[in-house]
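Tertiary structure, described
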Amino acid sequence: MSNKKKILVLGAGYGGVHSAKKLAKKYKKNDDVEITLIDKNTFHTLMTELHEVAGGRVHKESVQVDLTKIFARTKVNLVTDYIEKVDTDKKVVKTTHGSYEYDYLIVGTGSEPAFFGVPGVKENGFTLWSFEDALEIREHIQKMFEKASKERNAKARKKMLTFAVAGSGFTGIEMAGELIEWKTKLAKEYNVDESEVRLLVVEAMGTILNMLDRQQADKAEKYMAKKGVEVLKNSPIVEVTEDKIVLKDGTEIETNTLIWTCGIQANAEVKEYGLETARAGRLQTNEYMQAVGKKDVFVVGDLTYFEEEPGKGTPQIVEAAEQTANTAVSNIVASIENKEMTKFKSNYHGFMVSIGGKYGVANLAGIKLSGFLALFMKHMVNLYYLWGVNGINACYHYLNHEFFSIEDKRNIMRGHLASKGNRLWLVPLRLYVGVIWLLEGLKKLVGEGTWDDKGLRGFFDMFSNGLASDSWIKAGNVKMPFEWVQAAAGSGASEAATDATAALPVPILEHMPKFYEAVMKIMIPNADVAVWFQRMVVLLELGIGLCLLAGLFTFLASAASIFMGFNFILSAMGEWSILWYIFSAIALMQGAGRTFGLDYYVMPWITEKVGNYWLGKKIPVYKQGQK
């Protein structure tokens, strides 16, 4: 009988992905542990960013991270399927197309919107709790503007252009913030009078953003009011129809669009798991994140209900999902290794909310932020999370979607980072800089004096007459004007270096900075090493020149150009004209080799090959789980 331990993770939300990654890292080299992750989707959804898709700010793929990329080169078996039955007595999970036994089960199937029995919400409102929800809202809003642009009946048009968000939690306020910015673009695109667009936030309680302190919440409310959003507090919705919402006080608001963000509850299917439930259908756990009465079943993320303080359950936020996952994984490991389990102890760092792409409020570890700084920190937190999920690939795509490809100036940098230009105009610059570097390398290879006398003919003379006496690569020929190297090389080298220095224009720095001199003394302690460094300089300059001329590895060649420029400056060998090399190279890093260059062919090929190895090749759903 096999002693292999089977760990099954249900759900690829924040808690499920975090659990699977930690387990995969822990048991990377242990063939006695098998890890399987089951989810209905092939991607991990960034739930906290759905409002950006719904509000037309970013492309739809920006909130998706492919699971095959997340778990490439790990031992996690991915299964895309619908969970139909969880039998915690027999320790088996049945899906539409398979059956999976387990020794340890992690349940992280998440939550769904709660409607609190309000008539008509489910049938006539929109929710924002899935990728599909975000796309549906996005399409509907565009459709309303399109229809309104042709509607001559003022009353009908008013309903089309009235957009109500129910709920003033993070999701509701962030959705309203997106509408503040998007309405301007849509009004212009569909030729609609923007002043006819009405935005409302409808809240049953007397305050908004109750996870934040009052000062920050008030700032958010003032910002929305300034932007024309009507915030209706103490206004519970009691009925929703196709073309209106009814408030408790009898007020009717005619609208074709209600986005419901008033709360969430456990997924309906969780009731069938046979586990003890708590408030809003969530699964009751103990301090070890074990489902009550089931020592081999652990619960993570939004489903978890554990009261660290009486009456205060686990918050349904990303940090809580990750921290419950940490506890669950730690205790599964402890159980396998017969060690003592760890109790859950939360450590939440604060809360952040964006109101569109240009304004936000945050309370981080007691520090209150608003505006630019709040949004900057939100982006930093997102990048930190994505780095843990999928490394530099996920971070690159996030920066691209949020900054480099953003439209309508909808971020904290407005449109400055998203400016686009035709790379064709960089081609002449690339060729010119390539020629300059190539000639610099040839000059050092031949020798400055010989080059001045013979020019390019001196290069061809080397094949018949050998290296000239002033070549940078000739043994014993020290050209670097470093005092300690000259002293070690003797008077001849010192004189040659002095002559070479005298021939140079006035450098930017008269003397090397002390820190750089200390580094150079370690790297170039004597004349022999100095000559080898000179040879590397010649090869690098020739290589930069040839790469730029061919348009091959242009980014790396440009980076090397910048490095060489600063190196010469810090060595007190670089004159003012070398700054031209540095700033030209910065411009050339913008894909200059992809127009009439080899990068056009080479980089896509490398990207595909490296991507398939490092990030994993996409696996068809019907082949998943066959590792």
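In the nomenclature of an unreviewed UniProt entry, the protein chain corresponds to NADH:ubiquinone reductase (non-electrogenic) from the organism Clostridium intestinale URNW. On record in UniProt, under Catalytic activity (unreviewed entry), the comment for the protein chain is "a quinone + NADH + H(+) = a quinol + NAD(+)". Heading Sequence similarities (unreviewed entry) of the UniProt record for the protein chain holds this comment: "Belongs to the NADH dehydrogenase family."

Within the protein chain, the regular secondary structure consists of 20 helices and 25 strands. When its C-alpha atoms are laid out on the principal axes, the protein chain stretches across 95 × 75 × 45 Å. Across the 627 residues of the protein chain, 48% fall into the buried class. Counting only carbon and sulfur atoms, one obtains 56% of the accessible surface of the protein chain, whose full area is about 31,500 Å². The positive charge centre, built from 74 side chains, and the negative charge centre, built from 72, are 1 Å apart in the protein chain.

Every second residue of strand S9 (residues 104–107) is oriented toward a common face, with Tyr104 and Ile106 on one face and Leu105 and Val107 on the other, all of them buried. As paired elements, strand S1 (residues 5–10) and S9 share 4 bridges and run parallel to each other. Looking at the pairing, valine 9 lines up with isoleucine 106 of S9. Bridge count for S9 against strand S21 (residues 297–299) is 3 bridges, and the pairing is parallel. When the sheet's bridge partners are listed, isoleucine 106 is paired in S21 with phenylalanine 298.

Ranked by internal contacts, the top residues of the largest apolar core, which has 89 residues, are Phe71, Phe145, Leu179 and Met224. Per-element tally for this core: the top contributor is helix H7 (residues 170–189), with 8 residues. Here this core gathers at least three residues from each of two domains, domain 1 (5–111 + 265–344) and domain 2 (126–262).

Quoted interface sizes are often the accessible area lost when the parts come together. Structurally, the protein chain comprises domain 1 (5–111 + 265–344), domain 2 (126–262) and domain 3 (425–491 + 506–609). The centre of domain 2, based on its C-alpha atoms, is set 60 Å off from the matching centre of domain 3.

Our focus in this paragraph is the side chain of threonine 36. In this fold, threonine 36 is placed in strand S2 (residues 33–39). Relative accessible area serves as the criterion here: at 8%, threonine 36 is assigned to the buried category. Excluding residues that lie within four positions of it along the chain, threonine 36 makes contacts with Ile7, Leu8, Val9, Asn77 and Val79.

What follows concerns the environment of threonine 342. Mapped onto the elements of the fold, threonine 342 is located in the loop between helix H9 (318–336) and strand S23 (350–354). Threonine 342 gets classed as partly exposed once you look at its relative accessible area, which sits at 40%. Considered as a pair, threonine 342 and histidine 140 are 202 residues apart in the sequence and their alpha carbons are 48 Å apart. Other than its neighbours up to four places away in sequence, threonine 342 contacts Glu287, Tyr288, Thr327, Ser330 and Asn331.

A few words now on the sheet that holds strand S25 (residues 367–370). In spatial order, the strands read S23-S24-S25; together these 3 strands make up an open sheet with antiparallel pairing. Of all the strands in the sheet, just S23 and S25 have a single pairing partner and so form its edges. Geometrically, the sheet is characterised by an average inter-axis angle of 10° between neighbouring strands, direction not taken into account. Of the pairings in the sheet, the one linking S23 to strand S24 (residues 360–364) comprises 5 bridges and is antiparallel in character. For serine 354, the partnering residue across the bridge sits in S24 and is glycine 360.

Turning our eyes to something else, we now look at the packing of aromatic side chains. Within the structure shown, the criterion is met by 15 aromatic pairs. Here the aromatic rings of phenylalanine 372 and phenylalanine 376 are separated by 6.3 Å at their centres, their planes lie at 10°, and the arrangement is stacked. With phenylalanine 372 and phenylalanine 376 both in helix H10 (residues 372–404) and 4 residues apart, this pair spans about one turn of that helix. Phenylalanine 376 gets classed as partly exposed once you look at its relative accessible area, which sits at 35%. Look at phenylalanine 515 and tyrosine 516: their rings are 6.3 Å apart centre to centre, the planes differ by 75°, and that puts the pair in the edge-to-face class. Given a relative accessible area of 7%, tyrosine 516 falls into the buried group.

Quick look at the pairing of strand S15 (residues 237–240) now. Regular strands show a simple pattern: their side chains alternate between the two faces of the sheet. Inspection of the sheet shows S15 paired to strand S16 (residues 244–247) by 3 bridges, in the antiparallel sense. Counted as the bridge partner of valine 240 is isoleucine 245 from S16. In textbook terms, the turn of a hairpin is the stretch between consecutive antiparallel strands, and for S15 and S16 this stretch comprises 3 residues.

On to the UniProt feature "domain: FAD/NAD(P)-binding" (unreviewed entry) in the protein chain, then. What UniProt calls "domain: FAD/NAD(P)-binding" (unreviewed entry) maps, in this numbering, to residues 6–324. Between the end C-alpha atoms of residues 6–324 the distance is 20 Å, and the span holds 29% helix and 26% strand.

Quick look at a nonpolar patch on the surface now. A cluster of nonpolar side chains, Phe372, Leu373, Phe376 and Met380, forms an exposed patch at the surface whose accessible area comes to about 360 Å². Overall, the relative accessible area of 42% leaves phenylalanine 372 in the partly exposed class.

Turning our eyes to something else, we now look at the packing of helix H5 (residues 131–148) against H7. At a minimum axis distance of 10 Å, the contact between H5 and H7 shows a crossing angle of 45°. In terms of orientation, H5 lies oblique with respect to H7. The two elements H5 and H7 cross, and the hand of that crossing is right-handed. Within the contact between the two elements, H5 uses Arg138, Ile141, Gln142 and Phe145 and H7 uses Leu179, Trp182, Lys183, Leu186 and Ala187.

The next thing to look at is the packing of helix H11 (residues 427–446) against helix H13 (residues 457–465). In a packed pair of helices, the relevant descriptors are the angle between the two axes and the axis-to-axis distance. Contact geometry for H11 and H13: axes closest at 9 Å, N-to-C directions at 45°. When the interaxial angle is binned, H11 and H13 end up oblique. Read as a crossing pair, H11 and H13 show a hand that is left-handed. Of the residues in H13, those in contact with Leu442, Leu445 and Val446 of H11 are Gly458, Phe459 and Met462. Considering only residue class, the contact of H11 with H13 consists of 5 nonpolar, 1 polar and no charged.

As a further point, take the UniProt feature "transmembrane region" (unreviewed entry) in the protein chain. UniProt records the feature "transmembrane region" (unreviewed entry) for residues 542–566 and 578–596 in the present numbering. Across residues 578–596, helical content stands at 58% and strand content at 0%; the span's end C-alpha atoms are separated by 26 Å.

Rules used in this analysis
- Residues numbered from 1 in each chain as written.
- Predicted model: local features only at pLDDT ≥ 70, side-chain atom pairs only at ≥ 80, totals over all residues.
- Heavy atoms only, no water.
- UniProt positions renumbered as here; feature names shortened; annotations may be inferred.
- Helix = DSSP H or I, 4+ residues; strand = E, 2+ residues; numbered from the N terminus.
- Buried < 20%, exposed > 50% of the residue type's maximum accessible area, 1.4 Å probe, protein only.
- Areas by Shrake-Rupley, 256 points an atom, 1.4 Å probe, with all protein chains shown as cover.
- Lys, Arg positive; Asp, Glu negative; His and termini not counted.
- Charge placed at Lys NZ, Arg CZ, Asp CG, Glu CD.
- Pairing = 2+ DSSP bridges.
- Core = buried A, V, L, I, M, F, W, Y, C linked by side-chain atoms within 4.5 Å.
- Domains from an automatic or database assignment.
- Contact = heavy atoms within 4.5 Å.
- Axes fitted to C-alpha atoms, helices over the stretch in contact; angles between N-to-C directions.
- Phe/Tyr/Trp six-rings, centres within 6.5 Å; stacked < 30°, edge-to-face > 60°.
- Patch = residues over 30% accessible without salt bridge, like charges linked within 9 Å, V, L, I, M, F, W, Y side chains within 5 Å.
- Salt bridge = Lys/Arg side-chain N within 4 Å of Asp/Glu carboxyl O.
- Parallel < 35°, antiparallel > 145°, perpendicular 65-115°, else oblique.
- Left-handed = near helix turned anticlockwise from the far one by under 90°.
- Nonpolar A, V, L, I, M, F, W, Y, C, P; charged D, E, K, R; others polar.

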